[in-house]
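One letter stands for each residue in the lines below.
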Amino acid sequence: MKRTARDIRTANRYEVLRHCIGRGAVSRQELAAATGLSAATVATLVGELLDLGILTTGGFQDSAGGRPRGLVEVDTGRGALVGVDVAETYVHAELFDLALRVVGRADRELSPGSPGRYRPEAVADVVADAVTEVLGPYPGRVLGVGVCMPGIVDRRDGVSVYAPNWDWREVPLRALLAERVELPLYVDNPLRACTVAELWFGAGRGRDDVVVVNLGTGVGAGLALGGTLHRGVSDSAGEWGHTTLVLDGRPCHCGNRGCVEAYVGAPGIMRTLRELDPASPLLHPDDQTATIDALARAAAAGDPRALDVLRVTAHYLGAAVADLVNLLNPEVVVLSSWVAGKLGDPFLAEVRRAVGRRALAGPLAATEIVLTPIPTDPVSLGAATFALEGALASGGSRIRT
């Protein structure tokens, strides 16, 4: 879709604000260098953000032989943002100030075995309940709520187009949430949220070409190419979890066979454990989190069967990540989400070895493979940035008033 001058201005304003967040007080000259925008453009955009109240003046900085440079910083007390990570087994909501620092959290389970747990209305109820709790007694203005849902999401219309693990098709999610949450709502996909979080605060900061591999119940790859979040023509880029890894292999929720997700998502790891040791005490058939927790603890203790499961999973994941390295030639591949976090450094080491056996030497030499360094939930953090982006795109009226 063709971008208008207003779209470009909003994007530039958002980019300037991104470089203010997390840096403390910063000069206009530093912002021009960081964004690649002209000094005059940055000065205008900073003026607009000051008028909106989202930035405030922050003293002066000495310059080499010239007048002191005026500094600006985020006015953290001007409002708050909510980011919600809706996964296949839980809902996690976080409240952020405008510097995107966490000031509150709320968790809800989407418990296995609960009747109707994935019915759209039931999920909307759980999300609304988590948002209500995280806001609690917060007395200030909430600029918006970003909600990230698994599967393909049409963010413009707020529709969950396809969520294979839930068998959702064309669910009007934002409309359902709007009946329960009286705040501006921005619906998106967790792959995009994780990628933005890495670009702002994580391993992707200062880099142009980044792949974020999301390992949870579902699997996908968030893409930043040329310094820009890549969404694809129909907003569905990154469904790498549903590319074929094993021809005619394991069945996948999407209806295909042999998908990456069927081997390296939490259910796929559980299946590998079951195949290697059907009576394993590590296996909790109805609880993904308990199984991955037990597997991680056993592997850390040197349990041979647990280490076998990690090696087999890393073998599959390494082959799939090698395809990303060869195809996209990224600066960094970040392993993110709860499965990667729980399996940790031993799993990362196995994945690196597996990628090394499969990827071409040239692209691999230019690529780091790391665990996410973000200490909070990257999906909630990214979702909050979408709410901030939406508030700026609205003309900033929600910030100003």
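This structure is a prediction, so every number in the text was calculated from the model and none was measured. (Residues numbered from 1 in each chain as written. Predicted model: local features only at pLDDT ≥ 70, side-chain atom pairs only at ≥ 80, totals over all residues. Heavy atoms only, no water.)

Trainee: Would you mind going over the overall build of the protein chain in detail, with residue names and values included?
Mentor: In terms of helices and strands, the protein chain carries 14 helices and 16 strands. Computed over the C-alpha atoms, the radius of gyration of the protein chain is 22 Å, within 12% of the 21 Å expected from 2.2 N^0.38 for a compact globule of 401 residues. If one aligns the C-alpha atoms of the protein chain with their principal axes, the spans along those axes are about 70 × 50 × 40 Å. Across the 401 residues that make up the protein chain, the buried fraction comes to 52%. Accessible surface for the protein chain amounts to roughly 17,100 Å². Of this, 51% is attributable to carbon and sulfur atoms. Side chains of the protein chain carry 40 positive and 46 negative charges; the gap between the two charge centres is 4 Å. (Helix = DSSP H or I, 4+ residues; strand = E, 2+ residues; numbered from the N terminus. Rg over C-alpha atoms; globule rule 2.2 N^0.38 Å. Buried < 20%, exposed > 50% of the residue type's maximum accessible area, 1.4 Å probe, protein only. Areas by Shrake-Rupley, 256 points an atom, 1.4 Å probe, with all protein chains shown as cover. Lys, Arg positive; Asp, Glu negative; His and termini not counted. Charge placed at Lys NZ, Arg CZ, Asp CG, Glu CD.)

Trainee: How would you explain the pattern of salt bridges if you had to name every residue and give the values?
Mentor: Where charged atoms of side chains with opposite charge meet at close range, the side chains can pair. Tallied over the full model, the rule gives 20 salt bridges. The closest approach of N and O atoms between R9 and E48, which form a salt bridge, is 2.5 Å. Of the two residues, R9 sits in helix 1 (residues 5-20) while E48 sits in helix 3 (residues 39-52), which places them 39 residues apart along the sequence. For E48, a relative accessible area of 18% corresponds to the buried category. (Salt bridge = Lys/Arg side-chain N within 4 Å of Asp/Glu carboxyl O.)

Trainee: Before we move on, could you go through unusual backbone geometry and cite the residues and values that matter?
Mentor: In this structure, D248 takes a positive phi of about 55° despite not being glycine. Examined against the element boundaries, D248 turns out to sit in the loop between strand 14 (228-229) and helix 7 (261-264). By relative accessible area, which is 62% here, D248 ends up exposed. One non-glycine residue with positive phi stands out, namely S337, at about 80°. When you line up the elements, S337 lands in helix 11 (residues 337-358).

Trainee: Outline the side chain of D188, listing residues and values.
Mentor: Checked against the element boundaries, D188 lands in strand 11 (residues 185-188). Look at D188 and you get buried, because its relative accessible area is 2%. Of the polar contacts made by the side chain of D188, one reaches the side chain of R231; its length is 2.9 Å. Non-local contacts of D188, meaning those with residues more than four positions away in its chain, are made with V147, C148, M149, V153, R155, R231 and F386. (Polar contact = N/O pair within 3.5 Å; in protein donor to acceptor, adjacent residues only side chain to side chain. Contact = heavy atoms within 4.5 Å.)

Trainee: Could you give an account of the sheet that holds strand 10 (residues 168-171), naming the residues involved and the relevant values?
Mentor: Pairing within the open sheet is antiparallel, and its three strands lie in the order 8-9-10. Single-partner strands in this sheet number two, and they are strand 8 (152-154) and strand 10. Strand-to-strand twist in this sheet, taken as the mean axis angle between neighbours without regard to direction, amounts to 15°. Here three bridges tie strand 8 to strand 9 (residues 159-163), and the two strands are oriented antiparallel to one another. Note that in strand 9 the partner of D154 across the bridge is V159. (Pairing = 2+ DSSP bridges. Axes fitted to C-alpha atoms, helices over the stretch in contact; angles between N-to-C directions.)

Trainee: Report on the packing of helix 1 against helix 13 (residues 378-393), specifying residues and quantitative values.
Mentor: Relative orientation of the contacting elements helix 1 and helix 13 amounts to 130°, with a least axis distance of 10 Å. Our classification of the angle between helix 1 and helix 13 gives oblique. Once helix 1 is placed against helix 13, the crossing between them reads as right-handed. Here R6, T10, R13, Y14 and L17 of helix 1 lie close against helix 13, whose contacting residues are T385, L388, E389, L392 and A393. (Parallel < 35°, antiparallel > 145°, perpendicular 65-115°, else oblique. Left-handed = near helix turned anticlockwise from the far one by under 90°.)

Trainee: Before we move on, can you summarise the environment of R231 with the specific residues and values?
Mentor: Inspection of the secondary structure puts R231 in the loop between strand 14 and helix 7. According to the relative accessible area criterion, R231 is buried, its value standing at 12%. Each C-alpha atom of the pair R231 and L191 lies 9.7 Å from the other, and the pair is 40 residues apart in sequence. Not counting residues up to four positions away in its chain, the partners in contact with R231 are R155, D188, R192, S236, A237 and F386.

Trainee: Account for the pairing of strand 5 (residues 90-97), with residues named and values stated.
Mentor: Of all eight residues in strand 5, seven are buried; the element is thus mostly enclosed. Alignment of strand 4 (residues 80-86) against strand 5, held across seven bridges, turns out to be antiparallel. Counterpart to L81 in the pairing with strand 5 is F96. Linking strand 4 back to strand 5 in an antiparallel pair, the connection comprises three residues. Here seven bridges tie strand 5 to strand 6 (residues 102-109), and the two strands are oriented antiparallel to one another.

Trainee: If you had to explain the environment of D293 to someone new, which residues and values would you point to?
Mentor: Mapping D293 onto the fold places it in helix 9 (residues 288-300). Expressed as a C-alpha distance, the spacing of D293 and G382, which sit 89 residues apart in the sequence, is 25 Å.

Trainee: Give me the lowdown on the sheet that holds strand 14, citing residues and values where you can.
Mentor: Strands sit in the order 14-13-12-15-16 across an open sheet of five strands; the sheet is mixed. A single partner strand is all that each edge strand has here, and the edge strands are strand 14 and strand 16 (368-371). In the sheet, strand 12 (residues 210-215) pairs with strand 15 (residues 332-336) via five bridges, with the strands oriented parallel. Bridging from a neighbouring strand, V213 pairs with L335 of strand 15. The sheet contacts of helix 10 (residues 304-328) involve strand 12, strand 13 (219-225) and strand 15, and relative to strand 12 the element is tilted by about 160°. On the sheet, helix 11 packs against strand 12, strand 15 and strand 16 and is oriented at approximately 155° with respect to strand 16.

Trainee: Got a sec to walk through helix 2 (residues 28-35)? Specific residues and values, please.
Mentor: Of the positions making up helix 2, those classed as buried are L31, A32 and T35. Projected onto a plane normal to the axis of helix 2, the buried residues spread over an arc of 100° and lie on a single side. On the buried face of helix 2, the contacting elements are helix 1, strand 1 (26-27), helix 3 and strand 3 (69-74). Trailing helix 2 by a residue or two, G36 shows a phi angle of about 80°, which is positive. (Arc of directions from axis to C-beta.)

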